[in-house]
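Structural characterization, general
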Amino acid sequence: MNTMAQVPFLRALAEGGNPQDRVLVLIQLNGGNDGLNTFIPLDQYDNLAANRANVLINENQILNLNGTIKNGLHPSMTALRDMYNDGLVSVVQNVGYPNQDYSHFRSTDIWMSGSDSDQNLETGWAGRYLQSQHPLYPEGYPNPDNPDPLAIQIGAVVSLALMGNSVPVGMGISDPTAFYQFVSDIPEPAPNTPYGHELEFIRLVTQQAQVYYDTVKNAAENGQNLGQYPAQNSLADQLRIVAQLISGGLKTPIYIVELGGFDTHSEQVDGTFGNAEGNHANLLKTVSDAVGAFQNDLKLLGVDDRVAGMTFSEFGRTIGSNGSIGTDHGAAAPLFVFGKEVIPGIIGDNPVIPSTPLVSYDVDMQHDFRSIYASALKDWFGIANPESILGQQFPILPIFKAAQSGTQVIHTPDLMDVGNYPNPFHGATTFTFTSEGGYVVISLLDMAGRVLQTVAEGSYPSGVNRVTYNRGDLRPGNYFYQVKVNGSTVTKMLVVI
């Protein structure tokens, strides 16, 4: 567990940028998760079978999702399926970065630093901002106005994402057992010898000397878990601690937890039961069960309206399987964001799978991972200019419900009353809007905000107006529609299935 001291970047999130004490929990899936067997593109199933027959899940075992016939989940992810059907999950398709580097270490560095693939940065995307604002850190922290740590990581090392120019601003507790030793004044065990007794004493003094010792300990003592967590689930053990600290009053906006084992070059499946069991199935069940239990606990604790979570992995896997009943390092993969305050649904298109098998084929990137960071910074934490942290601008995706969203900006909703039904839709949908009469333009936009087509344009009478739109050859996916009436604009999300 690495506890970040109070620093400007995270202070901005917790105060002016985070008025509702919002929390973001990052779940790192180490090794490169196979997205094609996780969030399965059912409209590409025949071509998937041609490329990866020895690992592909039988079609009749894939979990169906409400509102879409294009995608399904791995059969071991029933808890996440239930969350999706309850409107608690957003799936961002084909997340990666340009010019993929297939090294675990290098690709992880890229994700953590927020760099381009040809940049080598020793600072994290958060650390660069906070270091520039507080060059004297860590002097003066914590203090009476800022008693709590502003990021906690459960893991062996401090993440590069949280590194400044030269100083790792954290302390480390490597696992949940060590955490409970920490908050219970119990040092790590040592040999039952005179040397061991002295070592235990030194370890106890060291842990109590941590600047956030009292704050974290008090939060752990005051916190609780009301939900049930699965046994023998290391990710659930970490998330249980996160929920306990949140319920104990810790005003920490960022947590990082992790689960390893996703580098499935061989024996990804066990070859029986339609490839629905094996190492990858066990990993996905661990994630799904842990996330489901965590979300339920947050609900019972009454804090689910201010906590969101996100899974990520350093890369995906190849489209084609290999001869060892596994998959190799690939490029893009789906990413899950969950919580009561996410906009549920699917962002982006299914990957296009070639019909001709080739083990080195990659899933093409559709969304740069830094767009998810930018969306979280802007819409979840309220940072006005994410580019000041990320170094360049990235599209804001409709992931989080926000009072000041970068994508769903409504200037005069009381006058225009814009909507459409049905949404999602397959063949046609009807746009409705109310105006006092005037010139109207209805446009269809892609996820980057580019105008794809003009749906309607002209003068409309006063009152409620309706415009029917037939999708034609528009591909399934998430879009925006924008209604402009006499200079006033409303932008909303549109889903084609």
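Just above, that's the structure.
What comes next is a walk through the structure.

As a further point, take empty space enclosed by the protein. Using a probe with the size of a water molecule, rolled over the atoms, empty space left in the structure can be pinpointed. Inspection of every chain in the model, using the stated rule, returns four cavities of 30 Å³ or more. Taken as a whole, the largest cavity spans an internal volume of roughly 180 Å³. Around the largest cavity, the lining comprises 19 residues; the ones closest to its centre are L29, T311, P334, L335 and F336. Taken together, the elements giving at least two residues each to the lining of the largest cavity come down to α10 (279–301), β9 (307–312) and β12 (333–338). If one sorts the elements of the lining of the largest cavity by residue count, β12 sits on top with five residues. Among the residues forming the lining of the largest cavity, the class breakdown is 15 nonpolar, four polar and no charged. Volume-wise, the second largest cavity comes out at about 130 Å³. What lines the second largest cavity is a set of 13 residues, and nearest its centre among them are L24, L26, W125, I254 and F381.

The subject of this paragraph is the packing of aromatic side chains. Tallying each qualifying case throughout the model produces ten aromatic pairs. Ring geometry for W111 against F369: centres 4.5 Å apart, planes inclined by 25°, an arrangement best described as stacked. In this pair, W111 is assigned in helix α4 (residues 104–113) and F369 in helix α11 (residues 369–380), connecting sequence segments 258 residues apart. Like W111, the residue F369 is buried in the burial classification. An aromatic cluster is defined as three or more aromatic residues linked by ring pairs; in this entry it consists of Y97, W111, F312, F369 and Y373.

Enumeration according to the criterion identifies nine salt bridges in this entry. In this structure, D21 and K251 form a salt bridge, with 3.4 Å as the shortest nitrogen-oxygen distance. With D21 in the loop between α1 (8–14) and β2 (23–29) and K251 in the loop between α9 (234–247) and β8 (254–259), this residue pair connects regions lying 230 residues apart in the sequence. In this structure, E221 and K217 form a salt bridge, with 2.5 Å as the shortest nitrogen-oxygen distance. Residue E221 and its partner K217 are both found in helix α8 (residues 213–222); the two are separated by four residues, about one turn of the helix.

The rules behind each value
All residue numbers refer to positions counted from 1 along the written sequence of the respective chain. Totals for whole chains, interfaces and linings use all residues, but because this is a predicted model, local features are given only for residues with pLDDT of at least 70 and pairs of side-chain atoms are given and counted only at 80 or more. Think of the side-chain values as coming from all heavy atoms in the structure, minus any hydrogens and water. Detection works on a 1 Å grid of protein atoms alone, calling trapped sets that fit a 1.4 Å probe cavities and calling open sets with protein on both sides within 12 Å along at least five of seven lines pockets, with lining residues defined by an atom within 4 Å of a point. Grid points are joined across faces, edges and corners, and a volume is the space filled by probe spheres set on the points. For helices the rule is a DSSP run of H or I covering at least 4 residues; for strands it is a run of E covering at least 2, with both sets numbered from the N terminus onward. Here the nonpolar group is Ala, Val, Leu, Ile, Met, Phe, Trp, Tyr, Cys and Pro; Asp, Glu, Lys and Arg are the charged ones; every other residue, Gly included, is treated as polar. Geometry of aromatic contacts follows a simple scheme: Phe, Tyr and Trp rings, the Trp one being its six-membered ring, pair when their centres are within 6.5 Å, and the pair is stacked under 30 degrees between planes, edge-to-face over 60, tilted otherwise. We call a residue buried when its accessible area falls under 20% of the maximum for its residue type, exposed when it is over 50%, and partly exposed in between, using a 1.4 Å probe and counting protein chains only. The term salt bridge refers to a pairing of a side-chain nitrogen on Lys or Arg with a carboxyl oxygen on Asp or Glu at a separation within 4 Å.

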